[in-house]
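Residue strings, one per chain:
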Amino acid sequence: QVQLVEAGGGLVQAGGSLRLSCAASGGTFSNYVMGWFRQAPGKEREFVAAISWSGGATYYADSVNGRFTISRDNAKNTVYLQMNRLKPEDTAVYYCAADRIVAVSTTRPGAYDHWGQGTQVTVSS
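In this text, all values refer to a predicted model and were calculated from it rather than measured experimentally.

Asker: Explanation requested: the side chain of T78 in the structure shown.
Answerer: Along the chain, T78 falls in strand β8 (residues 78-83). Among the polar contacts made by the side chain of T78, one reaches the main-chain carbonyl oxygen of K76 at a distance of 2.8 Å. Discounting chain neighbours no more than four positions away, the residues touching T78 are S21, C22, A23, F29, R72 and D73.

Structure below.
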């Protein structure tokens, strides 16, 4: 059973950058597809980005494509989300997720078995 812990959230002005990290433990990290999701108040949890086991394939939501970059370091059991040119509408709790068999292009939150506790990202205008 893999455990996930996110870090790196905070308050940033519009146009700024943040880098989220998600450290995994309790499983073979390189066996898992990793994803980032977010949930704003009053809204459903939505897909942000995902990365394959090796890091060779990535997939992004249209809303973040070109601004956010997902990456992973299997030696450190960590996945990252570099967020640039942040907008107020990016404000949400960001969650890391893991699953062994999900396709990278899967955007449905229910397809992922393991979740972190989330980290708050607030973008001021």
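Asker: It is not clear to me how the sheet that holds strand β3 (residues 18-25) should be interpreted in this structure. Could you clarify?
Answerer: Two strands in a sheet stick together by hydrogen bonds in their backbones, pointing the same way (parallel) or opposite ways (antiparallel). Taken in spatial order, the 4 strands of this open sheet run β1-β3-β8-β7, and their pairing is antiparallel. Strands at the two margins of the open sheet, each flanked by one partner only, are β1 (3-7) and β7 (68-73). Averaged over neighbouring strand pairs, the angle between their axes works out to 15 degrees when direction is ignored. In this sheet, β8 lies alongside β7 in antiparallel orientation, the contact comprising 6 bridges. Bridging from a neighbouring strand, T69 pairs with Q82 of β8.

Asker: Explain the packing of aromatic side chains to me, please; I cannot follow it from the model alone.
Answerer: For any two aromatic rings, the description comes down to two numbers: the centre-to-centre distance and the angle of the planes. Under the counting rule described, the total for this entry stands at 6 aromatic pairs. Looking at R45, its charged tip hangs above the ring of Y95, at a distance of 3.7 Å from the centre. Over the face of the ring belonging to W115 we find R45, whose NZ or CZ atom lies 4.8 Å from the ring centre.

Asker: How should I be thinking about the pattern of salt bridges in this particular structure?
Answerer: In this structure the tally under the stated criterion is 3 salt bridges. The salt bridge partner of D90 is R38, with a shortest N-O separation of 2.9 Å. Here D90, found in the loop between β8 and β9 (92-99), pairs with R38, found in strand β4 (residues 33-39); they are 52 residues apart in sequence, far enough to count as distant. As far as burial versus exposure is concerned, D90 and R38 are alike and both buried. One network of salt bridges, with partners in common, ties together R38, E46, R67 and D90.

Rules and cut-offs
Residues numbered from 1 in each chain as written. Predicted model: local features only at pLDDT ≥ 70, side-chain atom pairs only at ≥ 80, totals over all residues. Heavy atoms only, no water. Helix = DSSP H or I, 4+ residues; strand = E, 2+ residues; numbered from the N terminus. Polar contact = N/O pair within 3.5 Å; in protein donor to acceptor, adjacent residues only side chain to side chain. Contact = heavy atoms within 4.5 Å. Pairing = 2+ DSSP bridges. Axes fitted to C-alpha atoms, helices over the stretch in contact; angles between N-to-C directions. Phe/Tyr/Trp six-rings, centres within 6.5 Å; stacked < 30°, edge-to-face > 60°. Lys NZ or Arg CZ within 6 Å of the ring centre and 35° of its normal. Salt bridge = Lys/Arg side-chain N within 4 Å of Asp/Glu carboxyl O. Buried < 20%, exposed > 50% of the residue type's maximum accessible area, 1.4 Å probe, protein only.

Coordinates in, geometry out; function isn't part of it.
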